[in-house]
Amino acid sequence: MTQQNLVACIVAPIDRYCFTDVAQALDMAQCEILSSNMNTLDDRHVVTLCLKGNWGVLVKTESALKRMAKANQWEMICQRTEPKENDRALLPYTVSCMSIDKADIPKHLGGFFTKRACHLLSYNSSRYQSTHSRIHMQSVNARVLIPAESSLGTLREDFYSFCDDHNYEAVLDPDRN
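Everything numeric in this text was worked out from a predicted model, so none of it was measured. (Residues numbered from 1 in each chain as written. Predicted model: local features only at pLDDT ≥ 70, side-chain atom pairs only at ≥ 80, totals over all residues. Heavy atoms only, no water.)

Caption draft 1: Expanded view of the nonpolar core. The biggest cluster of nonpolar side chains holds 20 residues, and the ones touching the most others in it are Ile10, Val22, Leu49, Leu51, Leu65 and Trp74. Of all the elements in the fold, those that place two or more residues in this core are β1 (5-13), α1 (18-29), β3 (44-52), α2 (55-72) and β4 (75-81). Ignoring any residue separated from it by four or fewer positions in sequence, one finds Leu65 in contact with Ala8, Ile10, Val22, Leu51 and Met76. In this structure, Tyr93, Val95, Cys118 and Phe162 belong to the second largest nonpolar core, which totals 19 residues. (Core = buried A, V, L, I, M, F, W, Y, C linked by side-chain atoms within 4.5 Å. Buried < 20%, exposed > 50% of the residue type's maximum accessible area, 1.4 Å probe, protein only. Helix = DSSP H or I, 4+ residues; strand = E, 2+ residues; numbered from the N terminus. Contact = heavy atoms within 4.5 Å.)

Shown next as structure tokens:
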């Protein structure tokens, strides 16, 4: 039988501490957390989880999460997934980028890596106002998988040239995690 995981995304009002409740439910169900993330966006907590367990544990976990969501008026989706097998060697890299706030940054950064057959694993951005100049800025942190057969020197050179063309200050480094 193929291994399955459970991916859940929960959106809850900020006044409800859903992360603690969810963590307790997962512990009770003896479900293993492969990956989790919690962010506060405006007046909402957003929790994403990738969970692992045998068939019975996943059924029990999904039922518990659905009961909690209904009782607490959370929005939630759950989906079963299959672990992805990498059929080729990929190198993990981190990208840190900042620029004057522009709406097209995700499009440009995503396009740069997609054109080079890189896989975007995560993308986090935030806006802020610089302390001294009061200019609106955008900061981006991303993780990408780069095909091992890529010429890393050429990719780095192309990336920094791309950033110069778009007036981005950026760093591309091996992911050390």
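Structure's up, so let's keep going.
Caption draft 2: Inspection of the pairing of β3 at higher detail. In terms of strand pairing, β1 meets β3 through nine bridges, oriented antiparallel. Looking at the pairing, Leu6 lines up with Leu51 of β3. In this structure, strand β2 (residues 32-41) lies alongside β3, joined through nine bridges in antiparallel fashion. Among the inter-strand pairings, Thr40 is bridged to a residue of β3, identified as His45. (Pairing = 2+ DSSP bridges.)

These values are about where atoms sit, not about what they do.
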